[in-house]
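Understanding the architecture of this molecule
In case you want the letters, here they are:
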Amino acid sequence: MSSAAGSAPWDLFGYFAGHRAEVLDLLWAHTWLSVLPVVIGLLVALPIGWLARRYRWAYPPVVSVSGLLYTIPSLALFVVMPTLLGTQILDPLNVVAALTLYTVALLVRVVADGLAAVPEDAVQAATAMGFTRLQRLRTVELPLAVPVIAAGLRVAMVANVSLVAIAATIGIPQLGQLFITGFQLSVTGPYYPPIVLGIVLSVALALLLDRSIVLGARLITPWQRVSAAR
């Protein structure tokens, strides 16, 4: 990307107009790099969280290990992933794998605690009705745990939007590239348009994805709206 001649330092709208296609490509890349790890991470965390809830002895080590995984610096993980996966340093798969690991680390405890928060009366009622363990999990426990799990998903999603930007330092195209571009163009003085635009789009993306999770949770838990209306 190059700066438009004569652009004012804060002319992010002018910068966007001059680089629309490139910025939209970066926004799309940032979106799927943020969302895909959350989807995969949730699918992985659900059975692990259930096992941690089902077998009480497993809860402490599972939660401890997941907590330790979340402390690994993201940049270090992005650099190590090519060696672990056998990929190239610029392969977006490295970012997806690293953020999936963070998502699993965050959601395992959330899933376990969400299932633990399900009222025992509801579980016993389902058992009395002849539900198998899998049926009870699918139709009773998970739906009732949705509010807790959704809260964890919101944290994971917003965190991922932030962490994806760090991948720009190793050359992965996404909104973080706008920060690098702004720094590179600040030769004779600060050049803010791409930096401010990157911040605005990142915040807007995080808010949009957060509200999408809230809306999705409301759609699959209609009884929550009924209870709140009373």
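Residues numbered from 1 in each chain as written. Predicted model: local features only at pLDDT ≥ 70, side-chain atom pairs only at ≥ 80, totals over all residues. Heavy atoms only, no water.

**Topic: the overall build of the protein**
Our working rule: Helix and strand assignments follow DSSP, with helices taken as H or I runs no shorter than four residues and strands as E runs no shorter than two, numbered in order from the N terminus. Relative accessibility decides the category of a residue: with a 1.4 Å probe and only protein chains considered, values under 20% of the type maximum give buried, values over 50% give exposed, and everything between is partly exposed. The contact rule is simple, with two residues in contact once any of their heavy atoms fall within 4.5 Å.
On a plain count of helices and strands, the protein comes out with 10 helices and zero strands. In the protein, the succession of helices and strands from N to C terminus is α-α-α-α-α-α-α-α-α-α. For the protein, the spread of C-alpha atoms along the three principal axes comes to 75 × 45 × 20 Å. The 230 residues of the protein split such that 40% are buried. Restricting the contact set of the protein to residue pairs at least 6 apart, pairs at least 24 apart contribute 72%.

**Details of the pattern of salt bridges**
Basically, it comes down to this: By definition, a salt bridge exists where a carboxyl oxygen of Asp or Glu is found within 4 Å of a side-chain nitrogen of Lys or Arg.
Evaluated as defined, the whole model comprises three salt bridges. The closest approach of N and O atoms between arginine 109 and aspartate 113, which form a salt bridge, is 3.6 Å. Taken together, the residues span about one helical turn, with arginine 109 and aspartate 113 both in helix 5 (residues 92-116) at a distance of four residues. A residue is classified by how much of its surface remains accessible, and arginine 109, at 44% relative accessible area, is partly exposed. Exposure remark for aspartate 113: the relative accessible area of 32% places this residue in the partly exposed category. Note that aspartate 210 and arginine 154 form a salt bridge whose closest N and O atoms lie 2.7 Å from each other. One end of the pair, aspartate 210, is in helix 9 (residues 193-220); the other, arginine 154, is in helix 7 (residues 133-166), and 56 residues separate them in sequence.

**A few points about the packing of helix 7 against helix 9**
Two quantities define a packed helix pair, namely the angle between the helix axes and the distance between the axes. Which entries qualify depends on this criterion: In this analysis, axes come from line fits to C-alpha atoms, helices being fitted only over the stretch in contact, and the angle between any two N-to-C directions falls in the range 0 to 180 degrees. Any angle from 65 to 115 degrees is called roughly perpendicular, while one under 35 is roughly parallel, one over 145 is roughly antiparallel, and all others are oblique. Each crossing is labelled by how the near helix is turned from the far one, with a counterclockwise turn of less than a right angle marking it left-handed and a clockwise turn marking it right-handed. Each residue receives one of three labels: charged for Asp, Glu, Lys and Arg, nonpolar for Ala, Val, Leu, Ile, Met, Phe, Trp, Tyr, Cys and Pro, and polar for the others, Gly being one of them.
One way to put it is that helix 7 packs onto helix 9 with a least axis distance of 9 Å and a crossing angle of 165°. Here helix 7 lies roughly antiparallel to helix 9, going by the angle between them. Helix 9 is crossed by helix 7, and the crossing has right-handed handedness. On helix 9, the residues that touch Val146, Ala150, Leu153, Arg154, Met157, Val158 and Val161 of helix 7 are Ser202, Leu205, Ala206, Leu209, Asp210, Arg211, Ile213, Val214, Ala217 and Ile220. The class makeup of the residues in the contact of helix 7 with helix 9 is 13 nonpolar, one polar and three charged.

**Examining the side chain of histidine 30**
Relative to the helices and strands, histidine 30 resides in helix 2 (residues 20-54). Histidine 30 gets classed as buried once you look at its relative accessible area, which sits at 0%. Leave out the neighbours within four places in its chain, and histidine 30 touches Val161, Val164, Ala165, Gln174, Leu175, Gly176, Ser202 and Leu205.

**Description of the side chain of serine 74**
Mapped onto the fold, serine 74 is located in helix 4 (residues 74-85). Classification of serine 74 as buried rests on a relative accessible area of 10%.

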